Amino acid sequence: MNLLYINWDINPEIVNILGLPIKYYGLLFLAGLVLSLNILKRIYKKEGLSTQAHEALFSYALIGILVGARLGHCLFYDFDYYSQHPLEIFLPIQKGPDGVYHFTGFAGLASHGGGIGLVIMLLIYARKYSIPFMTVLDAIAIVLPLGGTFIRLANLMNSEIIGVPTDVPWAFIFRQVDDLPRHPAQLYEAISYFIIFLSVYFIYRKNIFKIGKGFYFGISILLIFIMRILIEFIKVDQVEFEHGMSLNMGQLLSIPFVLLGLFFMIKSILEKGKVKTT
């Protein structure tokens, strides 16, 4: 019966050079960021924003996402451990049973924290380059689900954030975890985010809706976090304290983003309506 399922046994480490591992996660994360920035270059040009501002965006976005995602994981999902090992929050090392620190990379990034960190850095960026904050948020939001697609593909390569056991014919057996056929929850999210990206980018390029500022930010985070809430129902709990919870931590943290997205969508539509009326 297992022959019907997809046997997944990918080594997350592509190559190790002098003790420094090169992993799929890092490469996919970087690839998603670079591709998103290339698409943003077209958006910046269409919106009349400077090339200098676009070139500076990479460093601001990278710092915001990485720092926010790391702090989000340590504070929201594993505070008990990292409160006792604060050095490991900021350095890619972990103390082994032998008492010696080993290079491990950053094992743990939370997308909610990454979103918060990105918004904070974009606020600083917008002031620095004298760009309206909502203009920056709208531009970033168009490619945000594309970046999320690559991150979830990276999770797939790591055999992490797996789904609950199932007997659907497309189930994955994550051999590095166990021998049970499971929902490929990471792949579900990756596909969902890619469809969201294509839809939002199509709406933007074709200028389908006459809306005010904040619409693309609103619709992107609304759709992303609705899908996050739904797919969480078939995921294995990420941390022990989530066992028995009606909604897990990922779902609880997604609710404010859904409400925020809905608020900005409605606000942008109403603002455009007022402009037309006057």
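Just so you know, these numbers come straight off a predicted model, no measurement behind them.

Student: Could you clarify how one ought to interpret the side chain of E232 in this entry?
Tutor: With respect to the element layout, E232 can be found in helix α8 (residues 215-232). Here E232 falls in the buried class, since its relative accessible area comes to 5%. Of the polar contacts made by the side chain of E232, one reaches the side chain of K235; its length is 2.8 Å. Those residues in contact with E232 that lie beyond four places of it in its chain are N248, G250 and Q251.

Student: Honestly, the UniProt feature "transmembrane region" (unreviewed entry) in the chain in this entry has me stumped. Any pointers?
Tutor: The feature "transmembrane region" (unreviewed entry), as given by UniProt, occupies residues 24-44, 56-79, 99-124, 131-151, 185-203, 215-231 and 251-270 in the numbering adopted here. Along residues 56-79 one finds 96% helix and 0% strand; the C-alpha atoms at either end are 33 Å apart. Within the segment residues 251-270, helix and strand shares are 100% and 0% respectively, and the terminal C-alpha atoms sit 29 Å apart.

Student: Help me understand the environment of L20, please; the structure alone is not making it clear to me.
Tutor: For L20, the position within the fold is in strand β3 (residues 20-23). Residues L20 and Y201, 181 residues apart in the sequence, show an inter-C-alpha distance of 38 Å.

Student: So what exactly am I meant to see when it comes to the nonpolar core here?
Tutor: General note: in soluble globular proteins, nonpolar side chains tend to be found buried as a group. Residues L40, I43, Y44, L57, L122, Y125 and Y216 are the most contacted members of the largest nonpolar core, which totals 59 residues. Of all the secondary-structure elements, those providing two or more residues to this core are α1 (24-46), α2 (51-77), α5 (111-128), α6 (133-157), β6 (172-174), α7 (185-206), α8 and α9 (249-277). For this core, the element with the highest residue contribution is α6, accounting for twelve residues. Residue contacts for Y216: discarding those within four places in its chain leaves D138, A141, I142, V200, I203, Y204 and I211.

Student: Please explain the layout of surface pockets as it appears in this structure.
Tutor: The gaps left among the atoms become clear once a water-sized probe is rolled over them. By volume, the second largest pocket is sized at about 260 Å³. Around the second largest pocket, the lining is made up of 16 residues, and of these E47, Y204, I211, K213 and Y216 lie nearest the centre. At the level of elements, α1 and α6 are the ones that each hand at least two residues to the lining of the second largest pocket. With four residues, α6 is the largest single contributor of residues to the lining of the second largest pocket. Considering only residue class, the lining of the second largest pocket consists of seven nonpolar, three polar and six charged.

Student: Please explain the UniProt feature "binding site: a 1,2-diacyl-sn-glycero-3-phospho-(1'-sn-glycerol)" (unreviewed entry) in the chain as it appears in this structure.
Tutor: UniProt's feature table lists "binding site: a 1,2-diacyl-sn-glycero-3-phospho-(1'-sn-glycerol)" (unreviewed entry) at R152, given in the numbering used throughout. Not counting residues up to four positions away in its chain, the partners in contact with R152 are S111, I161, Q186, E189, A190, Y193, R228 and K235. Polar contacts involving the side chain of R152 include one to the side chain of N155, which spans 2.6 Å.

Student: Explanation requested: α5 in the structure shown.
Tutor: An α-helical segment advances 3.6 residues per turn. Residues three or four places apart therefore align on the same side. For α5, which comprises 18 residues, the first-to-last C-alpha distance of 25 Å matches the rise-based estimate of 26 Å (1.5 Å per residue) to within 8%. What α5 keeps buried is the set H112, G113, G114, G117, L118, M121, L122, Y125 and A126. Phi turns positive, to about 55°, at S130, one or two residues after α5.

Student: Got a minute to help me understand unusual backbone geometry in this structure?
Tutor: The bulk of non-glycine residues show a negative phi, and the bulk of peptide bonds are trans. Residue S159 is not a glycine yet carries a positive backbone phi of 55°. Mapped onto the fold, S159 is located in the loop between α6 and β6. In this structure S159 comes out as buried when scored by relative accessible area, which is 7%. A positive phi angle, near 55°, is found at I161, a position not held by glycine.

Student: What should I look at first to understand the side chain of H54 in this one?
Tutor: Within the secondary structure layout, H54 lies in helix α2. A distance of 2.7 Å separates a polar side-chain atom of H54 from the backbone oxygen of L37. Each residue touching H54, except ones within four places of it in the same chain, is listed here: L37, L40, K41, Y44 and Y125.

About the criteria used
Residues numbered from 1 in each chain as written. Predicted model: local features only at pLDDT ≥ 70, side-chain atom pairs only at ≥ 80, totals over all residues. Heavy atoms only, no water. Helix = DSSP H or I, 4+ residues; strand = E, 2+ residues; numbered from the N terminus. Buried < 20%, exposed > 50% of the residue type's maximum accessible area, 1.4 Å probe, protein only. Polar contact = N/O pair within 3.5 Å; in protein donor to acceptor, adjacent residues only side chain to side chain. Contact = heavy atoms within 4.5 Å. UniProt positions renumbered as here; feature names shortened; annotations may be inferred. Core = buried A, V, L, I, M, F, W, Y, C linked by side-chain atoms within 4.5 Å. 1 Å grid on protein atoms, 1.4 Å probe; cavity = no way out; pocket = protein on both sides within 12 Å on 5 of 7 lines; lining within 4 Å. Points joined across faces, edges and corners; volume = space filled by probe spheres on them. Nonpolar A, V, L, I, M, F, W, Y, C, P; charged D, E, K, R; others polar. Expected span 1.5 Å × (residues − 1).

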